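# Summary of the model geometry
The lines below spell out each chain.
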Number of protein chains: 2
Amino acid sequence: MDAPVDPSEVEFDVVGIGNALVDVLSHESEEFVDALGVVKGSMTLVDEARSGEIYAMTGPAVEISGGSAANTIVGIAAMGGRAEYVGKVRDDQLGTVFAHDIRAMGVTYEVEPASGGPATGSCLILVTPDAQRTMNTCLGASVHLGPDDVERSHIERASVLYLEGYLFDPPEAQEAFRVAAGYAHEAGRIVSATLSDSFCVERHHGAFRDLVSNHVDLVFANEAEILALYGTEDFDVAVSRVRDDVRFAALTRSEKGSVVIGDGEVIEVPAAPVEDLVDTTGAGDLYASGFLHGFSRGADLEACGWLGSRAASEVISHLGARPEADMAAMATEVLSR
Amino acid sequence: MDAPVDPSEVEFDVVGIGNALVDVLSHESEEFVDALGVVKGSMTLVDEARSGEIYAMTGPAVEISGGSAANTIVGIAAMGGRAEYVGKVRDDQLGTVFAHDIRAMGVTYEVEPASGGPATGSCLILVTPDAQRTMNTCLGASVHLGPDDVERSHIERASVLYLEGYLFDPPEAQEAFRVAAGYAHEAGRIVSATLSDSFCVERHHGAFRDLVSNHVDLVFANEAEILALYGTEDFDVAVSRVRDDVRFAALTRSEKGSVVIGDGEVIEVPAAPVEDLVDTTGAGDLYASGFLHGFSRGADLEACGWLGSRAASEVISHLGARPEADMAAMATEVLSR
């Protein structure tokens, strides 16, 4: 496949926009998650008071920079891609941590931290013994990401724009989402988005349907998300619907791999083997890293999906949603075949 | 061996005093550590400006609560011991993290956070590929731990007082150290201390010699530290000196295990096997956890040393200095033999 935009004509391969969060990971029992009344494996939005209540009940934790699109962008940079991130933190300790970590991975990150208002957003991630993660997100400063933080020149300078569905939660960010997609299309760039979470799709169902039908060229979704989008329980039905709606799609199915759709063609891609499943946090984010890295460099869709599978299997073999292995070597190996 | 104090007569087994720090761990190359001009494996004190400089150069990091004596106390609580901690943080995000994590492990922690002054202390830990850790500590709020933070009733209610040698670095904490040791001895408690770091011993050589000779009943040290204390290069010379100086000693020698001294008797204890050496941060701290837990419960000295070896081998098999395995089961297994 040809690259969607000639890489030599742009400064960046991918620019991602998302909720900038620091993850707070702790190991908890199934009973603990049940007692909270949240659905295991889902993301629940909580306010600062509720976040504090849950935090007080959790065990000792580890803090690692996160945020769905930020994880994806870090993965792309780790593979050697030229990557930029847009998201809002506050000028506090966790905001400093977030900015340090994303820049330390070679990502361009130029958004000014907020000097007032809520603290840097956090995501309490409860990792159960089955390696599933259940998330409680306090959006904090990330809700203040608005259209003003999205500069036209920053969107135009990347081949692919990548947006996380979680952006539909903060109202200002929804608008930033649409503005950014407009800038990208006006410059002839590709607009991609992930649906993020089936409950997020249900919360903003109309907006997501409009998004996929009218504003996005490449959509990422897992099985639950694509079923929620089309209100069906039949995966094959969802596949046929998404084929009509968007030019490209990558539908992930955990250990069953992914289904990649491009210009009507449907390709099944296997999952990559995982030696030691520790924490599924970031699996979808890193799948998107691999796919987008291949895609922006003009790899064929099967290779894009396979690089996604490989990257996902790396991130679920350790705690946290940021890659630790030599991702550049992995990308070179997959893309040079 | 009889317990030093009848456990039924006290509320706590061990109370630890130390510099309260949040660890910031990143993986770095040997060349990176060389370029900083610090000695690999050592702890260097840095001011806030230098800490910021080093942080700006490091790769993406993980934040985990730390502090040498705090790690030891957490290990004791994890084994089922009744444990208390005294150390100072600020009322900022990392201070909240520190207090949450230590309390989440069941440790009693009642020191008020500082409402002004420097931020919560941090320790930039550079983990090299050989699993060695090189530490750059910015003491921050922990320098404000002073004699006023040490309440006589809190010291009296524990069988064993445990002090980290790093406390000799902040001037007020030195005084807190002496005050606490006085309270403990007046109540008939055991005073234990770790020498912490050979460079720390050299920085405060006279104070450490006085400490070991006159104020401490049980001393923990690794090979480099005990050699630095007695100004010798011969381990056997150091062993014979320490036998004359203190009633109990536990001298750790990495993969060679430890030498335990009690009332003049010298016992060699092997190291416990390690399947996968990841990060040596906390090895000495967790050795002290195992030893002190056994000691406070009246285990014989060989069992104390072996529980120390087992706990150390657990903590070096993953990132960070806080235990992750079922330490209570480990303690029960070792102590019931």
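In what follows, the structure referred to is the one given above.
Residues numbered from 1 in each chain as written. Chains lettered and ligands numbered in written order. Predicted model: local features only at pLDDT ≥ 70, side-chain atom pairs only at ≥ 80, totals over all residues.

## Brief notes about unusual backbone geometry
Most of the time, phi is negative for any residue but glycine, and the peptide bond is trans. Residues and elements named next belong to chain B. What counts, and what does not: Secondary structure is summarised from DSSP: a helix means a run of H or I of at least four residues, a strand means a run of E of at least two, and numbering begins at the N terminus for each. The burial label depends on the number of other C-beta atoms within 10 Å of a residue's C-beta. Counts of 20 or more mean buried, 12 or fewer mean exposed, and intermediate counts mean partly exposed, with C-beta atoms placed from the backbone.
With a phi close to 75°, Ala-131 is a non-glycine residue in the positive phi region. Secondary-structure assignment places Ala-131 in the loop between strand E7 (121–127) and strand E8 (133–138). Assessed through the 17 C-beta atoms surrounding it within 10 Å, Ala-131 is described here as partly exposed.

## Some thoughts on the pairing of strand E11 (residues 218–222) of chain A
All names here are of chain A. Stated formally: When DSSP locates at least two bridges between a pair of strands, those strands are taken to pair.
Summarising burial for E11: 5 of the 5 residues are buried, a large majority. Side-chain alternation along E11 places Leu-218, Phe-220 and Asn-222 on one buried face and Val-219 and Ala-221 on a second face that is also buried. In this sheet, E11 lies alongside strand E10 (residues 190–194) in parallel orientation, the contact comprising 3 bridges. What sits directly across from Ser-192, in E11, is Leu-218.

## Side note on the pairing of strand E12 (residues 248–252) of chain A
All names here are of chain A. For E12, the buried fraction is high: 5 of the 5 residues fall into the buried class. Residues Phe-248, Ala-250 and Thr-252 point to one face of E12 and Ala-249 and Leu-251 to the other, with burial holding for every one of them. Looking at chain direction, E11 and E12 are connected through 5 bridges and run parallel. When the sheet's bridge partners are listed, Ala-221 is paired in E12 with Leu-251. In this antiparallel pair of consecutive strands, E12 and strand E13 (residues 258–262), the connection spans 5 residues, and Ser-254 shows a positive phi of 50°.

## Some points on the interface of chain B and chain A
To be explicit about the condition: We call two residues in contact whenever the C-beta atoms placed from their backbones are within 7 Å. Each residue gets one of three labels, nonpolar for Ala, Val, Leu, Ile, Met, Phe, Trp, Tyr, Cys and Pro, charged for Asp, Glu, Lys and Arg, and polar for the others, Gly among them.
Listed by partner, the interface residues are 19 residues for chain B and 19 residues for chain A. Only strand E4 (62–65) and helix H4 (93–104) of chain B provide two or more residues apiece to the side of chain B that touches chain A. With 6 residues, the single largest contributor to the side of chain B that touches chain A is H4 of chain B. Partitioning the side of chain B that touches chain A into residue classes produces 9 nonpolar, 6 polar and 4 charged. Where strand E4 (residues 62–65) of chain A and E4 of chain B come together, 3 bridges link them in antiparallel fashion. Residue Ile-64 of chain A lies in a different strand from E4 of chain B, and its bridge partner there is Val-62 of chain B.

## Points about helix H11 (residues 283–296) of chain B
All names here are of chain B. Spelled out, the test is: By definition here, a helix of n residues has an expected span of 1.5 Å times n minus one.
Along its 14 residues, H11 runs 20 Å from first to last C-alpha, staying within 8% of the 20 Å computed at 1.5 Å per residue. Most of H11 is tucked away: 14 of the 14 residues are buried. At the C-terminal side of H11, Gly-298 shows a positive phi close to 85°.

## Brief notes about the sheet that holds strand E1 (residues 12–17) of chain B
All names here are of chain B. Selection rule: Structural elements are reduced to axes, namely lines fitted to C-alpha atoms, with helices fitted over the stretch in contact, and the angle between N-to-C directions of any two is expressed from 0 to 180 degrees.
One open sheet accounts for 9 strands, arranged E6-E5-E1-E9-E10-E11-E12-E13-E14; its pairing is mixed. Of all strands in the sheet, those with a lone pairing partner are strand E6 (108–109) and strand E14 (265–269), marking the two edges. Two strands pair when backbone bridges link them, and strand E13 (residues 258–262) and E14 are joined in this way by 5 bridges, in the antiparallel orientation. Bridge assignment links Ser-258 to a residue of E14, and that residue is Val-269. Contacting strand E11 (218–222) and strand E12 (248–252), helix H9 (residues 223–230) crosses the sheet at an angle of about 110° to E11.

## A few points about the packing of H11 of chain B against helix H12 (residues 301–315) of chain B
Helix packing for two helices is described by the angle between their axes and how far apart those axes are. Residues and elements named next belong to chain B. Inclusion rule: For any helix crossing, the convention is left-handed if the near helix is rotated counterclockwise from the far helix by under a right angle, and right-handed if that rotation is clockwise.
At a closest axis distance of 7 Å, the pairing of H11 and H12 adopts a crossing angle of 145°. You can see that H11 and H12 cross each other, and the crossing is right-handed. Where H11 approaches H12, its residues Ala-283, Leu-286, Tyr-287, Ala-288, Ser-289, Gly-290, Phe-291, His-293, Gly-294 and Phe-295 are matched on the opposing element by Ala-303, Cys-304, Gly-305, Leu-307, Gly-308, Ser-309, Arg-310, Ala-311, Ala-312, Glu-314 and Val-315. Its residues assigned to classes, the contact of H11 with H12 comprises 12 nonpolar, 7 polar and 2 charged.

## Some points on the nonpolar core
In plain terms, the rule: What we call a nonpolar core is a set of buried Ala, Val, Leu, Ile, Met, Phe, Trp, Tyr and Cys residues whose membership is set by joining through C-beta atoms within 7 Å.
Formed by 222 residues in total, the largest nonpolar core has its most connected members in Leu-161 and Val-219 of chain A together with Leu-161 and Val-219 of chain B. Every residue in contact with Val-219 of chain A, bar those within four places of it in the chain, is listed here: Ala-193, Leu-195, Val-212, Val-242, Val-246 and Ala-249 of chain A.

## So, helix H3 (residues 68–78) of chain B
Residue and element names in this part refer to chain B. Taken across its 11 residues, H3 has 11 buried, putting it largely inside the fold. Taken together, the buried positions of H3 are Ser-68, Ala-69, Ala-70, Asn-71, Thr-72, Ile-73, Val-74, Gly-75, Ile-76, Ala-77 and Ala-78. Once H3 ends, the next one or two residues include Gly-80, with phi positive near 100°.

## Looking at the sheet that holds strand E2 (residues 21–27) of chain A
Strand order in the open sheet formed by 10 strands is E3(A)-E8(A)-E7(A)-E2(A)-E4(A)-E4(B)-E2(B)-E7(B)-E8(B)-E3(B), with mixed pairing between adjacent strands. Of all strands in the sheet, those bounded by a partner on one side alone are strand E3 (43–45) of chain A together with strand E3 (43–45) of chain B. Across the sheet, the axes of successive neighbouring strands diverge by a mean angle of 25°, strand direction being ignored. Where strand E2 (residues 21–27) of chain B and E4 of chain B come together, 4 bridges link them in antiparallel fashion. Within the sheet, the bridge partner assigned to Val-22 of chain B lies in E4 of chain B and is Ser-65 of chain B. Across the sheet, H4 of chain B touches E4 of chain A together with E2, E4 and E7 of chain B, and the angle it forms with E4 of chain B is around 55°.

## Topic: the relation of the copies chain B and chain A
We count it as follows: Residues below a pLDDT of 70 in either copy are left out; the C-alpha atoms of the rest, at least 70 in both, set the least-squares superposition of the copies.
For the pair chain B and chain A, the superposition axis carries a translation of 0.0 Å, the fit reaches an RMSD of 0.0 Å, and the rotation angle comes to 180°. These values place the two chain copies in the arrangement generated by a two-fold rotation axis. Among all residues of chain B, the minimum C-alpha distance to the rotation axis is found for Glu-63 of chain B, at 2.4 Å. The fraction of interface residues of chain B whose copies in chain A are also interface residues reaches 100%, indicating that both copies meet through the same surface.

## Regarding the environment of Gly-290 of chain A
All names here are of chain A. Residue position: Gly-290 is located in helix H11 (residues 283–296). Looking at Gly-290, the number of C-beta atoms within 10 Å reads 34, which means it is buried. Expressed as a C-alpha distance, the spacing of Gly-290 and Leu-211, which sit 79 residues apart in the sequence, is 23 Å. Among residues more than four places away in sequence, those in contact with Gly-290 are Leu-307, Gly-308, Arg-310 and Ala-311.

## As for the environment of Thr-96 of chain A
Checked against the element boundaries, Thr-96 of chain A lands in helix H4 (residues 93–104). A C-alpha to C-alpha distance of 8.9 Å links Thr-96 of chain A and Pro-113 of chain A, two positions 17 residues apart in sequence.

These results come straight from atomic positions and should not be treated as a statement about function.
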